[in-house]
Amino acid sequence: MKNFNPSLWILTLVWVAFSQNLHAQTKTLLINNVEIFNGSDEKTILGNILIEGNTISRISTSPIPTNKSTNVQIIDGKGKFLMPGLIDAHYNAMFSSLSQIALLTSNIGFVNLVAGKNAENLLMKRTKGS
């Protein structure tokens with residue numbers, strides 16, 4: 001490193017920190033007119049969802065007012081299906097249900113039943129006692 005310039009290095013670190021801070025600022029997203037499955041009810045509802053940052057802050061069947069002074073991205077869901085919280089694009093219900101030794105030594109029918117129950121619990125957000 002012949003031409004090492006400490007000022008340039010510090011400026012680069014400041015720029016990286018500043019750019020990461022810009023991405024960390026909360027963004028607001030309003031999705032209107034979507035068929036919503038909440039993970040616990042057996043029926044869906046046609047409604048609207050307000051997302052602030054990474055958090056769903058409101059779900060409503062009536063219009064959700066937004067602050068016009070903030071940068072709110074509004075999307076028309078056009079009646080399409082929405083499942084808040086379903087983030088796993090790939091999920092192995094078998095491998096997350098049982099230990100490796102149980103997977104290798106158990107009857108495949110048993111493994112499939114346990115995996116099916118695991119997937120149901122994941123989709124229905126069941127917790128102990130419910």
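The following refers to the structure shown. None of these values were measured; they are calculated from a predicted model.

What counts, and at which threshold
Residues numbered from 1 in each chain as written. Predicted model: local features only at pLDDT ≥ 70, side-chain atom pairs only at ≥ 80, totals over all residues. Heavy atoms only, no water. Pairing = 2+ DSSP bridges. Helix = DSSP H or I, 4+ residues; strand = E, 2+ residues; numbered from the N terminus. Salt bridge = Lys/Arg side-chain N within 4 Å of Asp/Glu carboxyl O. Buried < 20%, exposed > 50% of the residue type's maximum accessible area, 1.4 Å probe, protein only.

### Focus: the pairing of strand 1 (residues 28–36)
Part 1: Across seven bridges, strand 1 lies against strand 2 (residues 45–52) in antiparallel orientation. Bridging across to strand 2, Ile 31 finds its partner in Ile 49.
Part 2: By the bridge criterion, five bridges tie strand 1 to strand 4 (residues 72–76) in an arrangement that is parallel. Following the sheet pairing, Leu 30 is matched in strand 4 by Ile 74.
Part 3: Pairing between strand 1 and strand 5 (residues 81–82): two bridges, direction parallel. Bridged to Glu 35 within strand 5 is Phe 81.

### A short note on the pattern of salt bridges
Part 1: Applying the stated criterion across every chain, the model contains one salt bridge.
Part 2: Between Lys 117 and Glu 120 there is a salt bridge, with its nearest N and O atoms 3.3 Å apart. Of this pair, Lys 117 and Glu 120 both sit in helix 4 (residues 108–124), separated by three residues, roughly a single helical turn.
Part 3: Since its relative accessible area comes to 42%, Lys 117 is described here as partly exposed.
Part 4: With relative accessibility at 31%, the residue Glu 120 sits in the partly exposed group.

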